[in-house]
Amino acid sequence: MEKFGYAQSQKFDTYASRLMPRKEYFTSGHRACQGCGEALAVRWVTKAIGEDAVIAHATGCMEIVSSGMPQTAWMHPWIHVAFENTAAVASGLETGFRILARKGKLAKLPKVVAMGGDGGTTDIGLQALSGALERGHNFTYVCWDNEAYMNTGIQRSSSTPYGAMTTTSPPGKLSIGQTTQKKNMVAIAVAHGIPYVATACPSYLFDLFFKVKRAIETPGPAYIHVLSVCPTGWRSATELSVRLGRLAVETGVFPLFEVVNGKYRLTVEPPKLRPVNDYLKIQGRFRHLRDKERAFIQRHTLAAYQLLLEKCGASYPEFPVISETEEESE
Amino acid sequence: MGHRVGMEVSIAVSHAVQMARAEAIAAYPITPQTHIVEHLASMVANGELEAEFLNVESEHSAMSACIGMSAAGARTYTATSSQGLALMYEILFIASAMRFPIVMTVANRALSGPLNIWNDHGDIMAARDIGWIQIFAENGQESYDHTIMAFKIAENHKVLLPTIINLDGFILTHVVEAQEFLEQEQVDKFLPSYHPRFTLDPKRPVTMGAFAMPEMYTEVKFAHEMALRNSYDQILKVWKEYGDLSGRYYHPVERYKTEGAKVLLLIMGSLAEVAEIAVDELREAGDEVGLLKLRLWRPFPFQDLREAVNGADLVIVCDRALSLGGAAGPVMAEVRSALYPLAEKPAVLGYTVGLGGRDIQPSTFKDVVRLARAELAQGPQQEFHIFGVRG
Ligand SMILES: Cc1ncc(C[n+]2csc(CCOP(=O)(O)OP(=O)(O)O)c2C)c(N)n1
Ligand SMILES: [Mg+2]
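**Here we look at the interface of chain A and chain B**
Listed by partner, the interface residues are 41 residues for chain A and 41 residues for chain B. For the pairing of chain A and chain B, the buried interface totals around 3,200 Å² over both sides, and the portion due to carbon and sulfur atoms is 63%. The tally of links between chain A and chain B comes to five salt bridges. Here chain A is connected to chain B by 17 residue pairs in polar contact (both at pLDDT 80 or more). Of all the secondary structure elements, the ones that give two or more residues to the side of chain A that touches chain B are strand S1 (53-57), helix H4 (61-66), strand S2 (78-80), helix H5 (86-102) and helix H7 (126-135) of chain A. Here the element with the most residues in the side of chain A that touches chain B is H5 of chain A; it accounts for twelve residues.

Rendered as structure tokens:
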């Protein structure tokens, strides 16, 4: 994969129109909320997938906004079965195509892609996903991580970050909101020993686009974890969705990297990390947090980032100054 | 044509699946289904069956993968039992609503709890309303025959519904029986390769599994209901064609010594063979008792049943499952409501027998007949009976 570092990624606007495919596979007319980062991600992921592919999708926001009978936003052959079984459906598709090709009934093997939300992936669908990764199917799994069960009304998932307010992790007299740390789904995928794992975010379209391409071309299972900003669930301004994705990367909250055959590499390297609060303070879901929790999140973010840098063998960027008491570092 | 073999019924079923040239199998082990899938795995491993055998990590994933395989366009088979069927439950409805012609053997076994690996019909009765075609086999020959026929029924473009063949766990699946196999050429002629109506094909992209708002859902379910009801004609056609081929003809409601019978036993599955012995003995003693065997459970053969009970005063339904706190065992409730519209109808009494592998002898059925007659004479005392509860 070409390296689109931080500097290049900032120049996206200059390249975009000419280098990216014009053909749309996820059409307009779907019912996603204004500013939906997931819809933006789907649009560009499907472009990267290109022709000759079939998609299995989990129950969740994206399925609901895009497939109300008798309409569809999907130009790919597309199947939705249930919430927790998408990796198993994709396993069946891949297996079915394989035997038909072997028997000479199918000229060309279509690429198989599975898609699901963070709930459908990290919680209820984890078993099916683990099974599919372990069996080594030639498919790509894309997780739309908007950090909660958004379709059912913003309930917490194991991918909801520490401190976030959701309808089932509400802050109150006795609680700061979500009390657990976000599940490290990427590490779980890597632990299956699969050839390609990556994080991505539609705020970095080139990075996202080429990672998907690479995942699709990699024989065997590939897993891509896409941070998908959700203004409705995150209580953020709809025009800030792309900005928020960038801030997630620039603060080190959601680093962009890939793991090729077990080898980690940062694909976007901010030369300097911003204070986490730059990311937190423009989201209503973190509004209730006190300095104490913000500082805790800052420390935790840097510690996790350092671990990742070590795995990548990357040099340290400039870190923000941490003080126990500071409220905002800007 | 055809040749006789003696083998365990599970193995015969795996041979039927092989002769049907199933292309994709996804399964998860559970007693007493295991022998079927183990033999299929070995056939695939040895190149005796050109298919993919997918070792999924659960039955939920088995059914999900079967949907994927079928959507890809492959002839798809699986087998399960009890807890495995229960774990599939959610996906079973979706497979039929999406009209995938998956064929599944259910080796009927009691549901937990308490855990019990032995035979009754609790598993399939809990999945009664899944919208699949559901057939019960009585012996090894029927298990083999119906497995082959199931593919032809399910894949018929006028049907396109998944189909379950029920086999009693252990007492049928693990029994060694003599049976007659068709020749491969006969099966190939009877069951040509699968031509799906729709697949997920990049050249003809379709969306499968779109969700339905209240203004669509009723119509989609109505279409599903009509498809299942209308499958009846096609099922009978396939059974007739197979009968002409094999000499073995099957009917939705099978009758055994029902001529002139005032009392009819009714049962599903392999215990019918035990009931036959009881009927023989009763008849020898001059008692005019007959036996009905319900083969086709879904779609329910209302008309066949109404004709079959004609002239009887009493139908004793021997359920193999409970509907706890409900009207009766599931079969009895169904039979009674099927007969209710008749102007002249027999009394219907329910005796649930053989739960969780409780042994059933010919004497059991004779006892049931005696108890039911007494009950009829004094008027029913309770909704139904669980036979043989030890005090
Ligand atoms: C077995 C089952 N349990 C619960 C649900 C209800 N449900 C539908 S979508 C959803 C949440 C989806 O969350 P996620 O996977 O994160 O996707 P998102 O909607 O956030 O994109 C839930 C809980 C379901 N459809 N099936
Ligand atoms: Mg979500």
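**A look at the site of ligand 1**
Taken together, 18 residues form the shell around ligand 1, and within it Cys61, Asp118, Gly119, Gly120 and Met150 of chain A come nearest. This site is not confined to one chain, since residues near ligand 1 come from chains A and B. Contact distances for ligand 1 include 2.8 Å between an oxygen atom and a backbone N or O atom of cysteine 61 of chain A. Taking asparagine 151 of chain A, its main chain carries an N or O atom lying 3.0 Å from an oxygen atom of ligand 1. Taking 590 Å² as the accessible area of ligand 1 by itself, protein coverage stands at 78%. Here the element with the most residues in the shell around ligand 1 is helix H6 (residues 118-123) of chain A; it accounts for three residues. Here the shell around ligand 1 is built from residues that sort into six nonpolar, eight polar and four charged.

**Looking at the nonpolar core**
Of all hydrophobic cores here, the largest spans 97 residues; its most connected members are Ile79, Leu93 and Tyr223 of chain A together with Met63 and Leu305 of chain B. Of the domains in this structure, domain 1 (3-246) and domain 2 (253-386) of chain B are the two that each give at least three residues to this core. Judged by nonpolar contacts, the second largest core, of 53 residues, contains Ala12, Ile135, Met149 and Leu228 of chain B.

**Concerning the domain arrangement of chain B**
When the parts of a complex come together, some accessible area is lost, and that lost area is often used as the size of the interface. Residue and element names in this part refer to chain B. On domain assignment, one finds that chain B holds domain 1 (3-246) and domain 2 (253-386). Between the C-alpha centres of domain 1 and domain 2 the distance comes to 28 Å. Together domain 1 and domain 2 conceal approximately 2,200 Å² of surface at their shared face, both sides included; 56% is due to carbon and sulfur atoms. Applying the counting rule to domain 1 against domain 2 returns four salt bridges.

**A short note on the coordination of the magnesium ion (ligand 2)**
Residues and elements named next belong to chain A. Those protein atoms acting as donors to the magnesium ion (ligand 2) are Asp118 (OD), Asn146 (OD1) and Ala148 (O), and they sit at 2.0 to 2.1 Å. The sequence pattern formed by the donor residues of the magnesium ion (ligand 2) is D-x27-N-x1-A. On the criterion of sequence distance, the pair formed by aspartate 118 in helix H6 and asparagine 146 in the loop between strand S4 (140-145) and strand S5 (171-172) is long-range, its members being 28 residues apart.

**Quick look at the side chain of arginine 298 of chain B**
Residue and element names in this part refer to chain B. The topology assignment puts arginine 298 in strand S13 (residues 296-298). Side-chain polar atoms of arginine 298 contact the side chain of glutamate 334, separated by 3.1 Å. Once residues within four sequence positions are removed from consideration, arginine 298 is found in contact with Arg128, Asp129, Trp132, Ile133, Gln134 and Glu334.

**What about the pattern of salt bridges?**
Under the criterion given, the structure shown has 41 salt bridges over all chains. Across the pair glutamate 254 of chain B and arginine 295 of chain B runs a salt bridge whose closest N-O atoms are separated by 3.0 Å. Taken together, the residues span a long stretch of sequence, with glutamate 254 of chain B in strand S10 (residues 253-256) and arginine 295 of chain B in the loop between strand S12 (289-294) and S13 at a distance of 41 residues. Judged on exposure class, the residue glutamate 254 of chain B and its partner arginine 295 of chain B are both buried. Close ionic contact of aspartate 367 of chain B with arginine 370 of chain B constitutes a salt bridge, the shortest N to O distance being 3.0 Å. With aspartate 367 of chain B and arginine 370 of chain B both in helix H12 (residues 362-378) and three residues apart, the pair spans about one turn of that helix. Overlapping salt bridges bring together Arg243, Glu250, Arg274, Asp278 and Lys281 of chain A as one network.

Thresholds applied
Residues numbered from 1 in each chain as written. Chains lettered and ligands numbered in written order. Predicted model: local features only at pLDDT ≥ 70, side-chain atom pairs only at ≥ 80, totals over all residues. Heavy atoms only, no water. Contact = heavy atoms within 4.5 Å. Buried area = accessible area lost by both parts, 1.4 Å probe. Salt bridge = Lys/Arg side-chain N within 4 Å of Asp/Glu carboxyl O. Polar contact = N/O pair within 3.5 Å; in protein donor to acceptor, adjacent residues only side chain to side chain. Helix = DSSP H or I, 4+ residues; strand = E, 2+ residues; numbered from the N terminus. Near = heavy atom within 4 Å. Areas by Shrake-Rupley, 256 points an atom, 1.4 Å probe, with all protein chains shown as cover. Nonpolar A, V, L, I, M, F, W, Y, C, P; charged D, E, K, R; others polar. Core = buried A, V, L, I, M, F, W, Y, C linked by side-chain atoms within 4.5 Å. Buried < 20%, exposed > 50% of the residue type's maximum accessible area, 1.4 Å probe, protein only. Domains from an automatic or database assignment. Donors = N, O, S within 2.8 Å, 3.2 Å for Na, K, Ca; no water.

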